[in-house]
Amino acid sequence: MSGLLSVFFHLLLLFKLVAPVTFRHHRYDDLVRTLYKVHNECPYITRVYSIGRSVKGRHLYVLEFSDYPGIHEPLEPEVKYVGNMHGNEVLGRELLLQLAEFLCEEFRNANQRIVRLVEGTRVHIMPSMNPDGYEVAAAQGADISGYLVGRNNANGVDLNRNFPDLNTYVYYNEKHGGPNHHLPLPDNWKSQVEPETEAVIHWIRSFNFVLSANLHGGAVVANYPYDKSLEHRVRGVRRTANTPTPDDKLFQKLAKVYSYAHGWMHQGWNCGDYFPDGITNGASWYSLSKGMQDFNYLHTNCFEITLELSCDKFPRQEELQREWLGNREALIQFLEQVHQGIKGMVLDENYNNLAEAVISVSGINHDVTSGDHGDYFRLLLPGTYTVTATAPGFDPETVTVTVGPGEPKLRSIGPREEKRKKDYLLEGFHVTVKPLSHHLPESRVLFAFPHSLPEVNFHLKRSIPQATPTRRVPNPGHGRRVLPKKVQPRVS
């Protein structure tokens, strides 16, 4: 019953003071005008910026929503939507423009759900990653006889098969050992990708994105990584086999959030296909190499899923309103998922920010790193986790954190722990602290109420090299000095 009340409450907030929208297709010039129109209507919470240009010189525009546009606020997560990667799959483009208008209008109308979202999240919306392909498709309109017309960029390249292939490396590392996150790019990667792809890669490396969705068309399903099958080809034949990430349960949850908030995706039967719960592992559907969602997961801190939103790649204009109403709540709920899990700061003993510290969760073979400001974000399902922060030159620190649901049980603590409790006690939720064992005095346990995102800060101490001891060695003769023997410091 509580779940139904929650859904009703969300719908009530969205239907209250609904923003007026224009349901039509937008060519490139119309798209640019719409983005700047939204910015002019909400100048204090939006920013329009370009991440680069297409092959034909069109800007790849992004509209940002934040209470401090253009500024990363520490501990405020960043999330993005990317539409129209395939130029002939246009619904995502139109939905994102409608979403931009909706967020602006509802913020102005003091819709508290939208106000909380904008004030606590930095949202980046890219309506079109492939504006050149869109113009080719739009020139023929909704009655496109060629199913793939406008799909590729102006150089004829499929942008969702154009990212560096990092899956091969991680599959090898899983068997033989090696990094499981932030895999490096090949030295010649820029010569292998298109201008649009290169711009997006620079973009996602410049922002510490936590969550993302890539909007497509041609089916109705929420698709999650991995996209590339572990056995991509056998004797030239593409294999389809479920290929889960270490965060498989989390990705399934993210996909289901969208599917069940969508008007009909969760029903499973759409476009002649059946997907239970309206979700699928990408590789179990069909194996895709060099895709964008796998790249996000393997090269950055960002968890991305792919949303297939319409059977018709280029729906008629009169169908846009129905599609918007079917996707509106799902688009909002997915943005809100960036606030699940844990976040915090990684600092040294002098409270300086430590960037690129590695945050590891025991039992999940995929790490994330802290950003330039020392803050990190780790999406997690409800449960209890052992989390470790490491950085070169510092001793690691380990905590155990319980992420809702359920109200924590508070207990009394001793005076030695009281100071540490104050250090880690955060506004808006209760924390309890206790040593995990006498052997791990710096470990602690935190509990948070489910309506608050647990903030778990790490204060790392510099490693102290072990002093070089001196021991006596047999003296073969009189007058010989005793030579010190160097002992290498132990690796923490």
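Every value quoted in this text rests on a predicted model; they were computed, and no experiment measured them.

S.K.: What is the right way to read the overall build of the protein from this model?
M.R.: Helix and strand counts for the protein come out as twelve helices and 20 strands. The burial tally for the protein puts 54% of its 492 residues in the buried class. Looking at the protein alone, contacts between residues at least 24 apart form 73% of all its contacts between residues at least 6 apart. Summed over its atoms, the accessible surface of the protein is roughly 22,900 Å², and 52% of this surface lies on carbon and sulfur atoms.

S.K.: I tried to follow the state of the cysteines on my own but got confused; where do I start?
M.R.: Two cysteines form a disulfide when their sulfur atoms are joined by a covalent bond. A full pass over the atoms with the stated rule returns two disulfides. Each sulfur in the disulfide pair Cys42 and Cys104 lies 1.9 Å from the other. What sets the handedness of the Cys42 and Cys104 disulfide is the S-S torsion sign, and at about 90° it is right-handed. Within this pair, whereas Cys42 is found in the loop between helix 2 (28–41) and strand 1 (46–53), its partner Cys104 is found in helix 3 (residues 91–108), the two being separated by 62 residues in sequence. Both residues of the pair, Cys42 and Cys104, count as buried. Covalently, Cys271 is tied to Cys311 through a disulfide, its sulfur atoms 1.9 Å apart. Looking along the S-S bond of the Cys271-Cys311 disulfide, the torsion reads about -85°, which is the left-handed sense. Of the two residues, Cys271 sits in the loop between strand 9 (269–270) and strand 10 (273–274) while Cys311 sits in the loop between strand 12 (303–310) and helix 11 (320–336), which places them 40 residues apart along the sequence. A relative accessible area of 41% places Cys311 in the partly exposed class.

S.K.: I tried to follow unusual backbone geometry on my own but got confused; where do I start?
M.R.: Across the chain, the bulk of peptide bonds are trans and the bulk of non-glycine residues have phi less than zero. Residue Pro225 is joined to Tyr226 through a cis peptide bond whose omega torsion reads -5°. Its location among the elements puts Tyr226 in the loop between strand 6 (219–224) and strand 7 (233–234). Of note, Tyr351 is a non-glycine position whose phi angle comes to about 65°, a positive value. Although it is not a glycine, Glu356 sits at a positive phi angle of roughly 60°. Position of Glu356 among the secondary structure elements: in the loop between strand 13 (342–347) and strand 14 (358–361). What makes Glu356 exposed here is its relative accessible area of 61%.

S.K.: Explanation requested: the sheet that holds strand 13 in the structure shown.
M.R.: In a beta sheet, neighbouring strands are held together by backbone hydrogen bonds and run either parallel or antiparallel to one another. Read from one edge of the open sheet, three strands run 16-13-20, paired in mixed fashion. Only two strands of the sheet have a single partner each, and these edge strands are strand 16 (375–378) and strand 20 (458–459). Sheet analysis places strand 13 next to strand 16, joined by four bridges and oriented antiparallel. Looking at the pairing, Ile342 lines up with Arg378 of strand 16.

S.K.: Teacher, can you tell me more about the packing of helix 8 (residues 248–261) against helix 11 here?
M.R.: When two helices pack together, you describe them by how their axes are tilted relative to each other and by the distance separating the axes. Following both chains from N to C, one finds helix 8 and helix 11 inclined at 150°, their axes separated by 7 Å at the closest point. Considering the angle they form, helix 8 stands roughly antiparallel to helix 11. For helix 8 against helix 11, the interelement crossing comes out right-handed. Residues Leu254, Val257, Tyr258 and Ala261 of helix 8 touch helix 11, and the partners they reach there are Gly326, Asn327, Glu329, Ala330, Leu331, Gln333 and Phe334. Residues belonging to the contact of helix 8 with helix 11 are distributed by class as follows: seven nonpolar, three polar and one charged.

S.K.: How should the sheet that holds strand 3 (residues 78–83) be read in this particular structure?
M.R.: Spatial strand order, 1-2-4-3-5-12-6-11: eight strands in an open sheet with mixed pairing. Of all strands in the sheet, those bounded by a partner on one side alone are strand 1 and strand 11 (279–281). Each adjacent strand pair in this sheet contributes to an overall mean axis angle of 25°, direction not counted. Contacts from helix 8 reach strand 5 (209–216), strand 6, strand 11 and strand 12 within the one sheet, and its direction differs from that of strand 12 by about 35°. Packing against the sheet, helix 11 makes contact with strand 3, strand 4 (122–126), strand 5 and strand 12, and its axis sits at approximately 150° to strand 3.

S.K.: Quick question: what am I supposed to make of the packing of aromatic side chains here?
M.R.: Working definition: an aromatic ring pair is given by the centre-to-centre distance plus the angle between the planes. This model, assessed by the stated rule, comprises 17 aromatic pairs. Plain terms: the ring middles of Trp285 and Tyr286 are 5.0 Å apart, the flat faces sit at 65° to each other, and that makes the pair edge-to-face. Trp285 sits in the partly exposed class, given a relative accessible area of 24%. The partly exposed category is assigned to Tyr286, whose relative accessible area is 33%. A ring pair is formed by Tyr297 and Phe303, whose centres lie 5.3 Å apart and whose planes are at 85°; its orientation type is edge-to-face. Both residues of the pair, Tyr297 and Phe303, belong to the buried class.

S.K.: It is not clear to me how the pattern of salt bridges should be interpreted in this structure. Could you clarify?
M.R.: One pass over the structure, following the stated rule, counts 20 salt bridges. One salt bridge in this structure joins Arg108 and Glu105, with 3.9 Å as the shortest N-O distance. With a gap of three residues between them, Arg108 and Glu105 both fall in helix 3, about one helical turn apart. Here the salt bridges share partners, and the residues they tie into one network are Glu89, Arg151, Asp158, Arg161 and Lys313.

S.K.: Please explain the nonpolar core as it appears in this structure.
M.R.: Soluble globular proteins: nonpolar side chains tend toward being buried together. Core analysis: the biggest nonpolar cluster contains 108 residues, and Phe65, Trp203 and Phe458 have the highest contact counts within it. Element by element, the count of residues in this core is highest for helix 3, at nine residues. If sequence neighbours within four positions are ignored, Trp203 has contacts with Tyr49, Ile51, Val62, Lys80, Val82, His124, Met126 and Phe209. Val90, Tyr134, Ala137 and Phe314 belong to the second largest nonpolar core, which has five residues in total.

S.K.: Explain the pairing of strand 15 (residues 364–369) to me, please; I cannot follow it from the model alone.
M.R.: On any regular strand, side chains alternate: one points to one face of the sheet, the next to the other face. Taken across its six residues, strand 15 has five buried, putting it largely inside the fold. Strand direction decides the pairing type here: strand 14 and strand 15, joined by three bridges, are antiparallel. In the strand pairing of strand 15, Val358 is matched with Thr369.

Rules used throughout
- Residues numbered from 1 in each chain as written.
- Predicted model: local features only at pLDDT ≥ 70, side-chain atom pairs only at ≥ 80, totals over all residues.
- Heavy atoms only, no water.
- Helix = DSSP H or I, 4+ residues; strand = E, 2+ residues; numbered from the N terminus.
- Buried < 20%, exposed > 50% of the residue type's maximum accessible area, 1.4 Å probe, protein only.
- Contact = heavy atoms within 4.5 Å.
- Areas by Shrake-Rupley, 256 points an atom, 1.4 Å probe, with all protein chains shown as cover.
- Disulfide = S-S within 2.5 Å.
- Pairing = 2+ DSSP bridges.
- Axes fitted to C-alpha atoms, helices over the stretch in contact; angles between N-to-C directions.
- Parallel < 35°, antiparallel > 145°, perpendicular 65-115°, else oblique.
- Left-handed = near helix turned anticlockwise from the far one by under 90°.
- Nonpolar A, V, L, I, M, F, W, Y, C, P; charged D, E, K, R; others polar.
- Phe/Tyr/Trp six-rings, centres within 6.5 Å; stacked < 30°, edge-to-face > 60°.
- Salt bridge = Lys/Arg side-chain N within 4 Å of Asp/Glu carboxyl O.
- Core = buried A, V, L, I, M, F, W, Y, C linked by side-chain atoms within 4.5 Å.

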